Amino acid sequence: MTTGVQRPKPIRFTDLADPVFPAAATAIRDGLAGYGATLELAPQAMLSAAVERTGLDDFGDPAFRERLDVLCTSLREEAGLSDAGVAVAFEQLVGNLVNRLRLEALIARHPEIEDVAIERPIIICGLPRTGTTHLHNLMAADPNLRHLPYWESLEPFPAPEEAADETPRRDRCAAGVDLINTVMPEFKRMHDMTVEHAHEEIQLLANDFSTMLFETTYYLPSFAAYYKSHDQGPSYAYLKRSLQALQFLRGPDRWVLKSPQHLEQFGTLYATFPDATFVVTHRDPVDVTRSMATMVAYASRMGAAHPDPVRTGRYWLDRAADLFTGCVRDRDVLPAAQSIDVRFADFMADEEGTLATVYELAGQPYDDTVRAAMRRFIADHPRGRHGEVSYDLADVGLDADEVARRLRPYRDRFLGGS
């Protein structure tokens, strides 16, 4: 662990409803707003842009088009986007469409991709703030496991002219991270975004336009209702197909994955990856909801014309209830011989012991080389290096007693009512 480093003092957000941006962000925001004012959040405009940028026109299974239409309608009519937000959303969705085109083109050139085996992945399932990111990053430091770095999650399949060189994709990702850090300089206190950090496969699901990822950035109740009312099996199959292509491009060939979305999709997740090892993380639901809702409320300044932290708090209490309820309802779908529950407090008290238990269950070697790689990661990325956030449920219009009552079944099942 790095010593002698003066860390920033904790902060409490006071501008969630009326964001104050750094002066350095002015030119970025003005440029995005000018661009956004010229755009239309409509499927055809996005499809045309993706075709023009790639020279490709095969998007694969057309079922995604209905989902894209629902998403665009929700973005236009519910999200309350600023012009800068329109630009961010447009580029995000065109990027997803570009990824679709490049995946289909790659498989057309190499049909053997669809025979690649995704064997015994280790899948971390838990809400933000339950230790999932730290656990994921530690396991991603293991050179024997395959993870999805952030740069690759954004552009998983290279353009032909960049196939031999990852540098352009890394550089574009770095530019995006710089933009985030300039416009939202305190976001890294809650979730440190770097080019290389292990990212969630939810980013790959976004290429099929069926995921809760979009809800973490925009207020999209109609899209969320559509998503929750539809079987996610086809989109998880799309995720697996994407992993096959990524594994074909480079190894290793045993994945470590992670996403909170899986908590309400255990049946679909298990059907898609029946030989996986599942690691389900747990923490006091009041603490989880407090920090998760605050993080989303802060991040909303990227796109919303008039951020509403109270609306965000209510929305994410409901979504947290969906996820926690799904975990209580379906936890036993995951076979006991392939799954483990990890309490946040236990993990923090004994990181190496927790990892040893997970590795033993997964049948994955946990030797001195692996331990050394994880220790190097910890030394290079000390927790809390950017400072902490003082969270208060009142900042997002919630009450601790209400949250505790709402989520008590989860607490009773996995935390013993403590």
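Above this text you will find the structure in question.
What this report covers is the structure whose coordinates are included nearby.

About the thresholds
Residues numbered from 1 in each chain as written. Predicted model: local features only at pLDDT ≥ 70, side-chain atom pairs only at ≥ 80, totals over all residues. Heavy atoms only, no water. Helix = DSSP H or I, 4+ residues; strand = E, 2+ residues; numbered from the N terminus. Rg over C-alpha atoms; globule rule 2.2 N^0.38 Å. Buried < 20%, exposed > 50% of the residue type's maximum accessible area, 1.4 Å probe, protein only. Areas by Shrake-Rupley, 256 points an atom, 1.4 Å probe, with all protein chains shown as cover. Lys, Arg positive; Asp, Glu negative; His and termini not counted. Charge placed at Lys NZ, Arg CZ, Asp CG, Glu CD. Expected span 1.5 Å × (residues − 1). Arc of directions from axis to C-beta. Contact = heavy atoms within 4.5 Å. Polar contact = N/O pair within 3.5 Å; in protein donor to acceptor, adjacent residues only side chain to side chain. Pairing = 2+ DSSP bridges. 1 Å grid on protein atoms, 1.4 Å probe; cavity = no way out; pocket = protein on both sides within 12 Å on 5 of 7 lines; lining within 4 Å. Points joined across faces, edges and corners; volume = space filled by probe spheres on them. Nonpolar A, V, L, I, M, F, W, Y, C, P; charged D, E, K, R; others polar. Axes fitted to C-alpha atoms, helices over the stretch in contact; angles between N-to-C directions. Salt bridge = Lys/Arg side-chain N within 4 Å of Asp/Glu carboxyl O. Phe/Tyr/Trp six-rings, centres within 6.5 Å; stacked < 30°, edge-to-face > 60°.

### Brief notes about the overall build of the protein chain
Across its full length, the protein chain holds 19 helices and four strands. Expected size for 418 residues packed as a compact globule is a radius of gyration near 22 Å; at 21 Å, the protein chain falls within 12% of this value. Principal-axis analysis of the C-alpha atoms gives the protein chain an extent of 55 × 55 × 45 Å. Looking at the 418 residues of the protein chain, the share that counts as buried comes to 53%. Accessible surface, the protein chain as shown: approximately 17300 Å² in total, 51% of it carbon and sulfur. Charged side chains of the protein chain number 44 positive and 62 negative; the gap between the two group centres comes to 4 Å.

### With respect to helix α17 (residues 368-380)
The end-to-end C-alpha distance of α17 is 18 Å, a good match for the 18 Å that 13 residues give at a rise of 1.5 Å each. Taken residue by residue, α17 has Val370, Ala373, Met374 and Phe377 as its buried positions. For α17, the buried positions fall inside an angular range of 95° around the axis, keeping them on one side. Exposed side chains of α17 directed beyond 90 degrees from the buried face belong to Asp368, Thr369 and Arg376. Buried residues along α17 sit in contact with α5 (132-140) and α16 (351-362). The backbone nitrogen of threonine 369 has a side-chain oxygen 3.2 Å away, supplied by the residue at the start of α17, namely aspartate 367.

### A closer look at the pairing of strand β3 (residues 277-282)
Here β3 lies mainly inside the structure; six of its six residues are buried. Of the two faces of β3, the one holding Thr277, Val279 and Thr281 and the one holding Phe278, Val280 and His282 are both buried throughout. Two strands pair when backbone bridges link them, and strand β1 (residues 122-125) and β3 are joined in this way by four bridges, in the parallel orientation. Considered in β3, the bridge of isoleucine 123 is made with phenylalanine 278. Bridge count for β3 against strand β4 (residues 339-343) is five bridges, and the pairing is parallel. The residue of β4 that forms the bridge with valine 280 is aspartate 341.

### Some words on empty space enclosed by the protein
Leftover empty space is mapped by rolling, across the atoms, a probe with the size of a water molecule. Taken as a whole, this structure holds two cavities of 30 Å³ or more when the rule is applied. Estimated volume of the largest cavity: approximately 160 Å³. Residue contributions to the lining of the largest cavity peak at four residues, all from helix α14 (residues 309-330). In terms of residue class, the lining of the largest cavity is made up of nine nonpolar, four polar and three charged. Taken as a whole, the second largest cavity holds about 30 Å³ of empty space. Considering the residues around the second largest cavity, the lining is formed by Gly126, Leu127, Thr130, Leu263, Val280, Thr281, His282, Phe324, Cys327 and Tyr410. Listing elements by their share of the lining of the second largest cavity, those giving two or more residues are β3 and α14. The greatest single-element share of the lining of the second largest cavity, amounting to three residues, is contributed by β3.

### So, the layout of surface pockets
Of the pockets and cavities examined, the second largest pocket occupies roughly 250 Å³. Along its surface, the second largest pocket is lined by 17 residues, and Ala63, Arg67, Asp208, Pro234 and Ser235 are the ones closest to its centre. Going through the elements one at a time, α3 (64-77), α4 (83-109) and α11 (233-249) are the ones with two or more residues in the lining of the second largest pocket. Here the lining of the second largest pocket is composed, by residue class, of four nonpolar, five polar and eight charged.

### Brief notes about the side chain of histidine 191
Among the secondary structure elements, histidine 191 is positioned in the loop between α8 (187-190) and α9 (202-205). On the basis of relative accessible area, histidine 191 is assigned to the buried category, the value being 18%. In this view, histidine 191 contacts Thr133, His197 and Met295; residues no more than four positions away in its chain are not counted.

### Here's the deal with the sheet that holds β4
The four strands are arranged β2-β1-β3-β4 in an open sheet whose pairing can be described as parallel. Each edge of the open sheet carries a strand with a single partner, namely β2 (256-258) and β4. Looking at each pair of strands side by side, their axes are set apart by 20° on average, direction ignored.

### Side note on the pattern of salt bridges
Opposite charge on two side chains lets them pair, provided their charged atoms get close. Evaluated as defined, the whole model comprises 31 salt bridges. Here aspartate 395 makes a salt bridge to arginine 12, at a shortest N to O gap of 2.7 Å. Linking aspartate 395 in the loop between α17 and α18 (400-406) with arginine 12 in the segment before α1 (26-36), this pair joins segments that are 383 residues apart in sequence. Linking arginine 319 and glutamate 215 is a salt bridge whose minimum nitrogen-to-oxygen distance equals 2.7 Å. With arginine 319 in helix α14 and glutamate 215 in the loop between α9 and α10 (221-228), the pair connects residues that are 104 residues apart, well separated along the chain. No difference in accessibility class separates arginine 319 from glutamate 215, as the two residues are buried. One network of salt bridges, with partners in common, ties together Glu215, Lys228, Glu264, Arg319 and Asp322.

### Focus on the packing of aromatic side chains
According to the stated counting rule, one finds eleven aromatic pairs in the structure shown. When the centroid spacing of 4.5 Å and the interplanar angle of 15° are considered together, the rings of phenylalanine 13 and tyrosine 298 count as stacked. Here tyrosine 298 lies in helix α13 (residues 285-299) and phenylalanine 13 lies in the segment before α1, a separation of 285 residues in the sequence. Each member of the pair, phenylalanine 13 as well as tyrosine 298, carries the same accessibility label: buried. Between phenylalanine 209 and phenylalanine 214, the ring centres sit 6.4 Å apart and the planes meet at 10°, which makes this aromatic pair stacked. Residue classification places phenylalanine 209 among the buried residues on the basis of a relative accessible area of 0%. Using a relative accessible area of 1% as the deciding quantity, one classes phenylalanine 214 as buried. Each member of the aromatic cluster is reached from another via a ring pair, and the members are Phe59, Phe64, Phe209, Phe214 and Phe223.

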